[in-house]
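Given next are the chains, with one letter for each unit.
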Amino acid sequence: MDESPLPIITDTTGLSTGYRILWRLKYLGLSIFGPAERRVVLSPRERAKWDRAMKVKAAHEAAGTQPDEQTLYTVSRMEPRRRPQ
């Protein structure tokens, strides 16, 4: 599995201005005060990038358009959280 950091996607389809501002603040906070470097699948910073990519992908699907390659790559790198049953 590729352990390089996920890219921050540039596509903002379906993301409101408020969401983007709060996302940047959250990401900045995790960068400064978050845990030490972890594997990609365990890092809260990488999870935030992946969640953002999933929202953009869902917005594209709802609009009937195709997301860009960077979004598809980011989405494919992680799996959804599994909820205990």
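Residues numbered from 1 in each chain as written. Predicted model: local features only at pLDDT ≥ 70, side-chain atom pairs only at ≥ 80, totals over all residues. Heavy atoms only, no water.

Q: Just to check I follow, could you spell out the pattern of salt bridges for this structure?
A: Under the definition given, this model contains 2 salt bridges. Measuring nitrogen to oxygen at the nearest pair gives 3.2 Å for the salt bridge that ties Glu46 to Lys49. With Glu46 and Lys49 both in helix H2 (residues 44-63) and 3 residues apart, this pair spans about one turn of that helix. Among the residues examined, Glu46 registers a relative accessible area of 8% and is labelled buried. Taking relative accessible area as the criterion, Lys49 reaches 6% and is therefore assigned buried. For Glu61, the salt bridge identified is with Lys57, shortest N-O distance 3.5 Å. Residue Glu61 and its partner Lys57 are located together in helix H2, separated by 4 residues, close to a single helical turn. Relative accessible area serves as the criterion here: at 53%, Glu61 is assigned to the exposed category. Of the residues examined, Lys57 reaches a relative accessible area of 23% and is grouped as partly exposed. (Salt bridge = Lys/Arg side-chain N within 4 Å of Asp/Glu carboxyl O. Helix = DSSP H or I, 4+ residues; strand = E, 2+ residues; numbered from the N terminus. Buried < 20%, exposed > 50% of the residue type's maximum accessible area, 1.4 Å probe, protein only.)

Q: Just to check I follow, could you spell out the confidence of the model for the protein for this structure?
A: Low pLDDT marks stretches whose predicted atomic positions should not be read closely. Confidence in the prediction of the protein, expressed as mean pLDDT, is 88, and 93% of residues score 70 or more. Mean pLDDT across the secondary structure elements of the protein bottoms out at helix H3 (residues 69-77), with 91, and peaks at helix H1 (residues 17-33), with 95. (pLDDT = per-residue confidence, 0-100.)

Q: So what exactly am I meant to see when it comes to the packing of aromatic side chains here?
A: For any two aromatic rings, the description comes down to two numbers: the centre-to-centre distance and the angle of the planes. Within this structure, the stated rule accounts for 1 aromatic pair. Positioned over the ring face of Trp23 is Arg52, at 4.7 Å from the centre of the ring. (Phe/Tyr/Trp six-rings, centres within 6.5 Å; stacked < 30°, edge-to-face > 60°. Lys NZ or Arg CZ within 6 Å of the ring centre and 35° of its normal.)

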